[in-house]
Amino acid sequence: MSTETKRPVTQKPKDKPAARNNGADGTGKEPPKEFAGTTPELRRELLHSMLLQRRFEERCAEAYALGKIGGFCHLYIGQEAISTGVMSMIRPDDYVITAYRDHGQALARGISPRAIMAELFGRDAGVSGGKGGSMHLFDSQTNFLGGHGIVGSHVPIAAGVGFAIKYRRGNQVCVCFIGEAAVNIGAFHEALNMASLWDLPVIFIIENNRYGMGTAISRSTANEDVLVRAKGYRMEGETVDGQDVFAVRECMTRAIERARKEKRPTLIEMKTYRFMGHSMSDAVSGTYRTKDELEENMKRDPILLLHNKMYEAGELTEGEMHKIDDEAKAIAQDAWDFADASPEPPLEKLYTDVYTDTSS
Amino acid sequence: MAVLTYRDALTQALREELQRDDRVFLMGEEVAQYNGAYKVSKGLLDEFGPMRIVDTPITELGFAGVGVGAAMVGLRPIVEFMTWNFALLALDEVVNAAAKILYMSGGQYKMPMVFRGPNGAALQLSAQHSQAWESWLAHIPGLKVCTPGTPADAKGLLKSAIRDDNPVVFLEGEMLYNVKGEVPEGEHIVPIGVAELKREGDHCSVITHGKMVLVAMKVADDLAKEGINIDVVDLRTVRPIDVDAISRSVQKTNRAVVLEEGWEICGMGSQVVDFIQRECFDDLDAPVLRVHQEDVPMPYAKNLERAAKPDAGKTIAAIKKVMYLD
Ligand SMILES: Cc1ncc(C[n+]2csc(CCOP(=O)(O)OP(=O)(O)O)c2C)c(N)n1
Ligand SMILES: [Mg+2]
């Protein structure tokens, strides 16, 4: 099995790099508007975050092939601008909840790559103690509320977190990631209705990667305009290019403001594409989608897009790009080494955490 | 001691726990302005306001999930289902979320919440509204399941359930709401997982829970007149099950009848009989018999409904059979 995504993240853009531009903090001309007020340092962090997810998950694919990771394993490759863009906008005390395609979001949220890889390897040091696996990453330190495996079932849970924020008169937000195929499940609708009815500070993010397993959205969804569903629940909504990390960040500014100040939910559709199969057991292309379609979409690799913009702005040399990339690879390798050397959970732990013996 | 209805005992427990801990809130259909479909939450909206006594849309899956989310981040929700028949729509959140999240998260996220509402048959409500769900729910590791049969147990168990940091399923009896009994005031706690010997006798054990406790007590009265004295073991909670209490009784009487409201196949009684054959094999003088609903959906017609339900007559017949008196 090939483990490197067939996408050269360090490929040079066709145009020559523009003169080095230090942007607002330098003496050069203003940075392009599309940088959306970010500093060069932040842009590097965004690039690093996205590359880390990419390199980490490439290693996941490799580990899966070697049998070190088992069960269902859903890779996020191709969608990294969304996780990175969203997480770069929220606060540590905000909440995040997601479905089973959760590695990228967990990494972008700042959960230790070692603890994530150890979880995937089924080890005691895993972020969920080896009891959750790929689909169920939980981390109370970063308010990362899982990792849920039943399509749509975490959406009402997100509304409940929003309810708790309101109950305590807090000003956090709860961000809930949802696949586009989950918009057809009842739980999604029940949650949106309550979130709007009760003014809950929840940001529902639909990651529209155009497929739910092998079913294209056109074959599953009578009205593909997701925003109609926002309107149906008297909720603000917008659609953005989920491959553009700056577009993701910009629309999050509005949604976060709405949640913190007006206590209103938002539904955002982020258009994206998954570059790998639905899970590790699914072919990348050739069944329900063509190789041409895949290749066409891989031209809009979110990492490539960010890299090119920074390169064109003259703020990133190839050497620097390699350095960031090597760092990401080293972190992924370190996570692998750590996980591989970690002990399995002791057998006594089979019986712990079924119940807690505490009470109030 | 005050004599209260089962309903008022529940209301008292809710009120006391809402007063005790401001993280506790009640949500469900018609719980606030309407005072509860069965008036269990009567007066609570006035006392605690709409943020803590929350009317929901008819959206069982949705509000069960809202409860799960709120519990994950530290509130203590009490989710009321108008009846457990409607909770089938919410089972994903109960079984896949509430019962699993502590385990899946490696112990990071507790689920201090209660799912409560009436369970089992009332009168002539027919097939969709007359079902006892405890064996479904007791099957699930991660849940605790309470089935109080008296007003005092209703109060004491509900207080324990609300204070427990695990998800507790609380099955009330629709036909019990008006039943009266003595209820201790204030801090009356019944621990989850502890049965009570509600009647003592040497001839046969009747092991039961929930609404059938009343039936068993009537059976005990009727049989006492004939000189037959039975143990009535009220399990009170069906997960965990108090196996010791079952064994103690059966080791004394050497005969047992298991009485429940649900159906036969994979019912609670199947589990109780399994415990008995393992723990009391050498003590038994007769095979254990079970009394349960007939293996049919609940019919509407009065005579058919009566025939379908477990009752005192069927229980007495079973007891006489295990005593070889028939
Ligand atoms: C209720 C439910 N039905 C079916 C499945 C099996 N399943 C897992 S993922 C999936 C597709 C979901 O697609 P989408 O919501 O678009 O998310 P994506 O995988 O694209 O991230 C299906 C059908 C499930 N996990 N839960
Ligand atoms: Mg999808």
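Since this is a predicted model, take the numbers as computed values, not measurements. Counting of residues starts from 1 at the beginning of each chain's written sequence and follows it residue by residue. Just so you know, chain letters begin at A and ligand numbers begin at 1, following the order they were written in. Owing to the predicted nature of the model, reporting of local features is limited to residues with pLDDT of at least 70; listing and counting of side-chain atom pairs is limited to 80 or more, with chain, interface and lining totals taken over all residues. Processing note: side-chain calculations cover all non-hydrogen atoms of the structure and skip hydrogens and water entirely.

K.L.:
Can you walk me through the domain arrangement of chain B in this structure?
P.N.:
Quite often, the size of an interface is put as the accessible area lost when its parts meet. All names here are of chain B. The split into domains, and so the bounds of each, comes from an automatic or database assignment of domains. Domain assignment breaks chain B into domain 1 (2–183) and domain 2 (196–322). Spacing between the C-alpha centres of domain 1 and domain 2 amounts to 26 Å. At the junction of the two partners, domain 1 supplies 31 residues and domain 2 supplies 28 residues. For any pair of parts, buried area is found by adding up, for both, the accessible area (1.4 Å probe) each one loses once the two are put together. In total, about 2200 Å² of surface goes out of reach between domain 1 and domain 2, with carbon and sulfur atoms giving 57% of it. Salt bridge, as used here: a side-chain nitrogen of Lys or Arg that lies within 4 Å of a carboxyl oxygen of Asp or Glu. At the junction of domain 1 and domain 2, the tally comes to two salt bridges. Measuring nitrogen to oxygen at the nearest pair gives 2.9 Å for the salt bridge that ties Asp153 to Arg236. The set of elements that each furnish at least two residues to the side of domain 1 that touches domain 2 consists of helix H6 (134–138), strand E6 (144–146) and helix H7 (151–163). The contact rule is simple, with two residues in contact once any of their heavy atoms fall within 4.5 Å. Runs of E in the DSSP output that reach at least two residues are strands. Runs of H or I that reach at least four are helices, and both are numbered from the N terminus.

K.L.:
Even after reading the chapter, I still don't get the coordination of the magnesium ion (ligand 2), so can you show me in this structure?
P.N.:
Note on metal sites: the ideal angle is 109.5 degrees for four tetrahedral donors, and 90 or 180 degrees for six octahedral donors. All names here are of chain A. Each metal site is built from N, O and S donor atoms within 2.8 Å (3.2 Å for Na, K and Ca), and since water is not included, such sites may look incomplete. Within the protein, Glu180 (OE), Asn209 (OD1) and Tyr211 (O) serve as the donor atoms for the magnesium ion (ligand 2), at 2.1 Å. Within one chain, the residues donating to the magnesium ion (ligand 2) are spaced in sequence as E-x28-N-x1-Y. Highlighted residues: Glu180 in the loop between strand E3 (174–179) and helix H6 (186–197) and Tyr211 in strand E5 (residues 211–212), separated in sequence by 31 residues. Tyr211 gets classed as buried once you look at its relative accessible area, which sits at 8%. Accessible area is worked out with a 1.4 Å probe on protein chains only. A residue is then buried under 20% of its type maximum, exposed over 50%, and partly exposed in between.

K.L.:
Sorry if this is basic, but what is going on with the site of ligand 1 here?
P.N.:
All names here are of chain A. Surveying the vicinity of ligand 1 reveals 15 residues, the closest of which are Tyr100, Arg101, Gly149, Asn209 and Tyr211. Interatomic distance of 2.7 Å between a side-chain N/O atom of Tyr100 and an oxygen atom of ligand 1. A distance of 2.9 Å separates an oxygen atom of ligand 1 from a polar side-chain atom of Asn209. Here the residues of the shell around ligand 1 sort into eight nonpolar, five polar and two charged. Near residues are defined by distance, with any heavy atom within 4 Å of the molecule or strand qualifying the residue. Side-chain atoms alone can form a polar contact between residues adjacent in sequence; in general such a contact is a pair of N or O atoms within 3.5 Å, and within protein one must be able to donate a hydrogen while the other accepts it. Gly counts as polar in this scheme, as do all residues outside two lists: the nonpolar Ala, Val, Leu, Ile, Met, Phe, Trp, Tyr, Cys and Pro, and the charged Asp, Glu, Lys and Arg.

K.L.:
Explain the sheet that holds strand E7 (residues 236–241) of chain A here, please?
P.N.:
What holds strands together in a sheet is hydrogen bonding between their backbones, with the strands either parallel or antiparallel. Residues and elements named next belong to chain A. Here we have six strands laid out as an open sheet, ordered E2-E1-E3-E4-E8-E7, and parallel in their pairing. Two strands close off the open sheet at either side, each with one partner strand: strand E2 (144–147) and E7. With strand direction ignored, the average angle separating the axes of adjacent strands in the sheet is 15°. Sheet analysis places E7 next to strand E8 (residues 266–271), joined by six bridges and oriented parallel. For two strands to be treated as a pair, DSSP must find no fewer than two bridges joining them. Under this scheme, a helix contributes an axis fitted over its contacting stretch, all axes are lines through C-alpha atoms, and angles between N-to-C directions fall in the 0 to 180 degree range.

K.L.:
When you look at the packing of helix H8 (residues 212–225) of chain B against helix H12 (residues 312–322) of chain B in this model, what are you seeing that I'm missing?
P.N.:
Packed helices, taken two at a time, are described by their axes: the angle between them and the distance between them. Residues and elements named next belong to chain B. Axis separation between H8 and H12 bottoms out at 9 Å; the angle between their running directions is 60°. Relative to H12, H8 is oriented oblique. Taken as a pair, H8 and H12 cross one another with a handedness that is right-handed. Taken together, the residues of H12 that come into contact with H8 (itself represented by Val215, Lys218, Val219, Asp222 and Leu223) are Ala312, Thr315, Ile316, Ile319 and Lys320. Of the residues in the contact of H8 with H12, the class split is six nonpolar, one polar and three charged. Oblique is the label for every angle not falling under 35 degrees (roughly parallel), over 145 degrees (roughly antiparallel), or within 65 to 115 degrees (roughly perpendicular). A crossing counts as left-handed when the near helix is turned anticlockwise from the far one by less than a right angle, and as right-handed when that turn is clockwise.

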